[in-house]
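Given next are the chains, with one letter for each unit.
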Amino acid sequence: PTAAALAYGLDHGSEGVYAIFDLGGGTFDISILRLSKGVFEVLSTGGDSALGGDDFDHALMQFIVHEAGQTELSSIDQRSLILKCRDVKETLSSHPAVLFEFTFANGQAIQKSISQEDFAKMTQSLVTKALLSVKKAVRDAEIDLAEIQGVVMVGGATRMPNIQAAVAQYFQKVPLNDLNPDEVVALGAARQADLL
């Protein structure tokens, strides 16, 4: 979390409290940090070790399987379909809708338009799960939500528009996401290494 904050130069910014929202492929972490005189103090940490971008892929896969009326998938179908779902999820991060096309091993083909809104609905429970961890971390930090000056987004899964919107709505501020979320920790660590 400190490395992510350093990447955004928060150590040179105004003193205050910052949240680091880290949603990767397989895990979710939330950290609340206080910056005082250039020193970061971790006020609280939380998250869910069983929540990540992969779960969003699986939610889309379950939807497609249900829409196609499939009851059993071959291992080949499962592997191919999850890769297709990941690709569609990533495309939806920059496009309002995607045509989902897939042919199952039994020859059945499915074509379905998936919009960002559709994807947001089918993954709402996952977003809610992440926000529950955020609320607990804020409570554990013993601060008011209004005290948090900025939210740093870390991890490729934070590119999803529904995650961006949920974080912005909860914290009532636009999250910091102009750096590549896959590289922000490495950038911060490199910056600190250079200082040392």
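Residues numbered from 1 in each chain as written. Predicted model: local features only at pLDDT ≥ 70, side-chain atom pairs only at ≥ 80, totals over all residues. Heavy atoms only, no water.

Engineer: So what exactly am I meant to see when it comes to the nonpolar core here?
Structural biologist: Nonpolar side chains tend to gather and get buried jointly when the protein is soluble and globular. Counting residues in each nonpolar core, the largest one holds 47 residues, and the members touching the most others are Phe 21, Ile 32, Leu 60, Leu 81, Phe 100, Ile 148 and Ile 163. By size, the runner-up hydrophobic cluster in this structure holds 14 residues, among which are Ala 5, Leu 33, Val 154 and Val 184. (Core = buried A, V, L, I, M, F, W, Y, C linked by side-chain atoms within 4.5 Å. Buried < 20%, exposed > 50% of the residue type's maximum accessible area, 1.4 Å probe, protein only.)

Engineer: Explain the pattern of salt bridges here, please?
Structural biologist: Side chains bearing opposite charge may pair, as long as their charged atoms lie close to each other. Inspection of the entire model under this criterion finds 7 salt bridges. Where Asp 48 meets Lys 129, a salt bridge forms, and the shortest distance between an N and an O atom there is 3.7 Å. Here Asp 48 is found in strand β3 (residues 39–48), whereas its partner Lys 129 is found in helix α5 (residues 124–140), with 81 residues between them in sequence. The shortest N-O distance in the salt bridge between Lys 136 and Asp 140 comes to 2.9 Å. Residue Lys 136 and its partner Asp 140 are both found in helix α5; the two are separated by 4 residues, about one turn of the helix. Owing to a relative accessible area of 43%, Lys 136 belongs among the partly exposed residues under this scheme. (Salt bridge = Lys/Arg side-chain N within 4 Å of Asp/Glu carboxyl O. Helix = DSSP H or I, 4+ residues; strand = E, 2+ residues; numbered from the N terminus.)

Engineer: Would you take a moment to explain the side chain of Thr 158 for this structure?
Structural biologist: Tracing the backbone through its elements, the reader meets Thr 158 in the loop between β6 (148–154) and α6 (161–171). Take Thr 158: its relative accessible area is 1%, and that puts it in the buried class.

Engineer: Would you explain the packing of helix α2 (residues 53–68) against helix α3 (residues 75–92) in this entry?
Structural biologist: Helix-helix packing is characterised by the crossing angle of the two axes and by the distance between the axes. Contact geometry for α2 and α3: axes closest at 9 Å, N-to-C directions at 110 degrees. Between α2 and α3, the crossing angle belongs to the class labelled roughly perpendicular. Note on packing geometry: the crossing formed by α2 with α3 is right-handed. Residues Gly 53, Asp 54, Phe 56, Asp 57, His 58, Leu 60, Met 61, Ile 64 and Val 65 of α2 form the contact with α3, whose participating residues are Gln 78, Leu 81, Ile 82, Cys 85, Arg 86, Val 88 and Lys 89. Looking at the contact of α2 with α3 residue by residue, the class counts come to 9 nonpolar, 3 polar and 4 charged. (Axes fitted to C-alpha atoms, helices over the stretch in contact; angles between N-to-C directions. Parallel < 35°, antiparallel > 145°, perpendicular 65-115°, else oblique. Left-handed = near helix turned anticlockwise from the far one by under 90°. Contact = heavy atoms within 4.5 Å. Nonpolar A, V, L, I, M, F, W, Y, C, P; charged D, E, K, R; others polar.)

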